[in-house]
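Each chain is listed here by its residues.
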Amino acid sequence: MAEKMVDKVMRITQNPRQIRNICTSAHIHHGKTAFTDNLLAAAGMMAEKFAGQLEGGMATWLHKDEQERLMTVDAANVSMVHNYDEKEFLINLIDTPGHVDFGGNVTRAMRAVDGTVVLICAVEGIMPQTETVVRQALRERVKPVLFINKVDRLVKELKLSPDKIAERVMTLVSQFNNLIERIAEPEYKDLWKVKVQEGSVAFGSARENWALSFPYMQKKNVKFSDILKIYELEGEERKNWVWDNAPLHEVILDMVIKHHPDPISAQKYRIPKIWRGDPESEMGKDLVNCNPDGQIAFIITRIVVDPRSGKDISAGRLFSGTIKSGMEVYLNNAKQKQRIQNVYIYNGVKPEIIESLPAGNVLAISGVLGFAGETVTVVPEHPFEEIKHIFEPVITKAIEAKKSADLPKLIEVLRKVGREDPSIKIEINEETGQNLISGMGELHLEIIENRITTEKNVEVKTSPPIVVYRETVTKKSPEVEGKSPNKHNKLYFVVEPLDPVIAQGIKEGKVTNGRLRKRDEQTITFLREECGWDTKTAGMVKATCNGNMFMDQTRGIVYINEIIELVLDMFEDVMKAGPLAKEPCMGVKVSLMDCNLHEDAIHRGPAQMYPAVREGIRGAMMQAGPVMFEPLQIMRIEAPTEYTGEISKIVSSKRGQLLDMNQEEDQVIVKAKLPVAELIGWSSDLRSATEGRGNSTLVDQMFEKLPAELQERVRTQIVQRKGLSSGELGA
């Protein structure tokens, strides 16, 4: 009797040298999901006739809306076994979405893998989203290999000769290597470039199920001219030729096994980047060596709610130790103990229950309620670095249940959605029954809304989209006093704009986010070397919060250590809701200059300190020239040349500015900077202006000052919408 697939998978998991954890990544509609499906089919995990058929539906599309929109929204986990050099390898693959609104899913998938297959379309080449995903991969030290997809379009649509096809492939490879050169860390600039001769590049067509790489062509003695032959053969004959001479799964999986690292070698250089604890501690050594007998360290990268039982299943990567069902574990961010019920491993798309699993594997656990990005250990440990998303949510909708009886159910559903997709921010206000849900764009919110109605069966109504602004200051304030209600404590604050270099450093993670420990070497080094501060001043930085910084510049205050936590609590509070309209603040530097404190601890508790700090910081901000900033997005718009005039008209009607305009053959490519407030209903406006032939992608997002004539109007609108009274605003 043949060995069951599950047992085979289980056997290989015991030997981490024969595991590869990888993901697919690419621009939207460059063929990632069709590619995953064909790999699955070849591994005998699903019927071959359905593989890569959009109409029949992809195997990894588990939600109905993915089927309707023909695109991947969530990242799906898949495992398969492949033979290479007479050894069996286990390949854990995560299929990720390409649409920019779901970039959060890509970022989280990158944490669990050590290598990625980047797909690019042979005709379109490198697109903005390709660049974003490569940047996400390199930031997590995930090694890329390249697959040039849709080569059939070069043959059928552009009718190129074999030499021209070879030339096109070489152009794309050099463009990809330039991208790596531009954004990789110095030590990986040359190391991680893809090389045709070594076989870290393959080309082919996922839909037609064929692929070739240079070493494989030599092995099977296939030439470039044979590609055209594929398209002269008919049905069955063509299938057989491809299966014998250029099978997609064999070429790709050989490339993955040869060029992607196994967990043991990958963790040596990935851990210092994603875990900032002490490398000499027990935990530090276990992590770097991927030690199966060490302490457990599991990071949750994705949460799926099982539709049958309604339980959370948390998928992620085990970096050290051996995880068993029934263990009691500790969640470091939630700071609580929980018990693991079951451990699952992926067999194709289906999770299978197993007893235990050693380090280096991608797996799932149930019985643990945590957020994505949670570090699971046995005793409290230093958690993994926060998973950083490239873009923040900028569009918000208010959402409420149609029937008031559904309110408790809606709140539970929203909390679940927040765990499933942490790139969504959810604010639940149980008093008013109005809940806010913020996402990356209109499509993102539309899909979430749709899922709440169809999958969770709660009827909801939503407000028109609301844009989230930011507040900041333009000049240095005088010293402002904050008094506690009992008049015994006085604190003196100065507020000024944060140096843009530091703001950028916080964004790139060179300055630690959150409260700083005693001596944060990384932050001090950055401030000293790149901003020219001296060590003493750099040591005064106590916390950062959403791109704002707090410094303690007091000297010789006896009780400072007893109140500093209370001061930071309120600093964070004001930074999340500024004095102008209770919008989040950005780019603000708050300094505590001096304070007079009562010597009796009872007279400087939270009830006394909170109002004093809040009053001081807000008063200082109001005297530092406070202004509102609005979110802008840079869009790349493509349309046929004859619509150039229409596009510039639609951009200027939305307070936008044209940055750049290029022509490629019969397409015009426009880069424009547009305020998010004017982007609501953008996709339908663009379609009607270009008769459905234009499309746009998000390239970047940033905040800039709202024009002076709109400042007061926007502020009044927000204040009315939030129902704030004048007593709650200002100082």
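Residues numbered from 1 in each chain as written. Predicted model: local features only at pLDDT ≥ 70, side-chain atom pairs only at ≥ 80, totals over all residues. Heavy atoms only, no water.

### A short note on the overall build of the chain
Scanning the chain for helices and strands turns up 23 helices and 33 strands. Looking at the chain as a whole, 55% of its 731 residues qualify as buried. By sequence separation, contacts in the chain at least 24 residues apart represent 73% of the contacts at least 6 residues apart. Roughly 31900 Å² of accessible area belongs to the chain as shown, and the carbon and sulfur atoms make up 49% of that amount. (Helix = DSSP H or I, 4+ residues; strand = E, 2+ residues; numbered from the N terminus. Buried < 20%, exposed > 50% of the residue type's maximum accessible area, 1.4 Å probe, protein only. Contact = heavy atoms within 4.5 Å. Areas by Shrake-Rupley, 256 points an atom, 1.4 Å probe, with all protein chains shown as cover.)

### Side note on the pattern of salt bridges
Per the stated rule, a full pass over the model turns up 29 salt bridges. Here Glu 185 makes a salt bridge to Lys 273, at a shortest N to O gap of 3.8 Å. Placement of the pair is Glu 185 in the loop between α7 (162-183) and β6 (201-205) and Lys 273 in helix α12 (residues 263-274), with a sequence separation of 88 residues. Glu 572 is the partner of Arg 515 in a salt bridge, and the nearest nitrogen-oxygen pair spans 3.1 Å. Linking Arg 515 in strand β26 (residues 514-515) with Glu 572 in helix α19 (residues 560-576), this pair joins segments that are 57 residues apart in sequence. (Salt bridge = Lys/Arg side-chain N within 4 Å of Asp/Glu carboxyl O.)

### Details of the sheet that holds strand β29 (residues 588-596)
Strand pairing in a sheet relies on backbone hydrogen bonds. The paired strands run either parallel or antiparallel. The strand order β24-β25-β29-β28-β27-β26 describes an open sheet built from 6 strands, whose pairing is mixed. Bordering the open sheet on either side are β24 (480-483) and β26, each of which pairs with just one other strand. Note that strand β27 (residues 541-545) and strand β28 (residues 548-552) share 4 bridges and pair antiparallel. Residue pairing for β28: Thr 544 is matched across the bridge by Met 549. In the packing of α19 onto the sheet, the strands contacted are β25 (490-497), β26, β27, β28 and β29, and the crossing angle to β28 comes to about 160°. (Pairing = 2+ DSSP bridges. Axes fitted to C-alpha atoms, helices over the stretch in contact; angles between N-to-C directions.)

### Examining the confidence of the model for the chain
A residue-level look at the chain finds 87% of positions with pLDDT of 70 or above and a mean pLDDT of 79. Taken element by element, the chain is modelled with least confidence in helix α3 (residues 64-69), mean pLDDT 45, and with most confidence in β25, mean pLDDT 92. In the model, residues 45-75 has pLDDT below 50 throughout and makes 89 contacts with residues more than four positions away in sequence or in other chains. (pLDDT = per-residue confidence, 0-100.)

### Focus: the pairing of β25
Looking along a regular strand, one sees the side chains alternate between the two faces of the sheet. With 6 of its 8 residues buried, β25 lies for the most part within the structure. Pairing geometry for β24 and β25, over 4 bridges, is antiparallel. Bridge assignment links Glu 481 to a residue of β25, and that residue is Tyr 492. In this structure, the hairpin formed by β24 and β25 is closed by a connection of 6 residues, where Lys 487 is found at a positive phi of approximately 65°. One ladder, built from 8 bridges, connects β25 with β29; its direction is antiparallel. Its bridge partner being in β29, Pro 497 is matched across the sheet by Val 588.

### Regarding the nonpolar core
Of all hydrophobic cores here, the largest spans 61 residues; its most connected members are Phe 35, Phe 147, Ile 148, Phe 203, Trp 210, Leu 212 and Ile 252. Ranked by residue count, the leading element in this core is α7, at 8 residues. Formed by 32 residues, the second largest nonpolar core is a distinct cluster that contains Ile 557, Ile 560, Leu 568 and Met 609. (Core = buried A, V, L, I, M, F, W, Y, C linked by side-chain atoms within 4.5 Å.)

### Some words on the packing of aromatic side chains
Inspection of every chain in the model, using the stated rule, returns 5 aromatic pairs. Between Tyr 188 and Tyr 269 the ring centres are 6.0 Å apart and the planes differ by 50°, which places this aromatic pair in the tilted class. Residue Tyr 188 is found in the loop between α7 and β6, and its partner Tyr 269 is found in helix α12; the two are separated by 81 residues along the sequence. A relative accessible area of 10% places Tyr 188 in the buried class. A centroid spacing of 6.5 Å and a plane angle of 90° characterise the contact between Phe 203 and Trp 210, whose relative ring orientation is edge-to-face. Just as Phe 203 is buried, Trp 210 falls in that class too. One aromatic cluster is present, formed by Tyr 188, Trp 192 and Tyr 269 through successive ring pairs. In this structure, Arg 604 is placed above the aromatic ring of Tyr 559, and the distance from its NZ or CZ to the ring centre is 4.0 Å. (Phe/Tyr/Trp six-rings, centres within 6.5 Å; stacked < 30°, edge-to-face > 60°. Lys NZ or Arg CZ within 6 Å of the ring centre and 35° of its normal.)

### A short note on helix α16 (residues 500-507)
Those residues of α16 that sit buried are Ile 502, Gly 505 and Ile 506. In an axial view of α16, the angular spread of the buried residues amounts to 100°, which keeps them on one side of the axis. Residues of α16 that are exposed and angled more than 90 degrees away from the buried face: Pro 500 and Lys 507. Next to the buried residues of α16 lie α17 (521-531), β27 and β28. Backbone geometry just after α16 places Gly 509 at a positive phi near 80°. (Arc of directions from axis to C-beta.)

### Remarks on unusual backbone geometry
Phi at Arg 141 is positive, roughly 55°, even though this residue is not glycine. For Arg 141, the position within the fold is in the loop between α5 (128-139) and β5 (143-149). You can call Arg 141 buried: its relative accessible area is 12%. Residues other than glycine seldom take positive phi values, yet Asn 546 does so here, at roughly 50°. Within the secondary structure, Asn 546 is located in the loop between β27 and β28.

### Details of the environment of Ala 266
Along the chain, Ala 266 falls in helix α12. Sequence spacing of Ala 266 and Gly 360 is 94 residues, and the spatial spacing of their C-alpha atoms is 9.7 Å. Contacts of Ala 266, omitting those with residues within four sequence positions, involve Asp 114 and Pro 261.

### So, the packing of α12 against helix α13 (residues 282-289)
The contact between α12 and α13 brings their axes to 6 Å, and the two run at 130°. One finds that α12 runs oblique with respect to α13. Of the residues in α13, those in contact with Ile 264, Gln 267, Lys 268 and Ile 271 of α12 are Leu 287, Val 288 and Asn 289. Taken together, the residues of the contact of α12 with α13 break down into 4 nonpolar, 2 polar and 1 charged. (Parallel < 35°, antiparallel > 145°, perpendicular 65-115°, else oblique. Nonpolar A, V, L, I, M, F, W, Y, C, P; charged D, E, K, R; others polar.)

### Observations concerning the side chain of Gln 18
Checked against the element boundaries, Gln 18 lands in the loop between α1 (5-13) and β1 (19-26). A polar atom in the side chain of Gln 18 sits 2.3 Å from the side chain of Asn 15. Here the side chain of Gln 18 touches Glu 88 through a polar contact of 3.2 Å, landing on its backbone oxygen. In this structure, Gln 18 is in contact with Ile 12, Lys 87, Glu 88, Phe 89 and Leu 90, ignoring residues within four places of it in sequence. (Polar contact = N/O pair within 3.5 Å; in protein donor to acceptor, adjacent residues only side chain to side chain.)

### What about the pairing of strand β30 (residues 626-640)?
Of all the 15 residues making up β30, 14 are buried; the element is thus mostly covered by neighbouring parts of the structure. One ladder, built from 4 bridges, connects strand β23 (residues 470-473) with β30; its direction is antiparallel. Among the inter-strand pairings, Arg 470 is bridged to a residue of β30, identified as Phe 629. Looking at chain direction, β30 and strand β33 (residues 695-705) are connected through 10 bridges and run antiparallel. The partner of Arg 636 across the bridge, within β33, is Thr 697.

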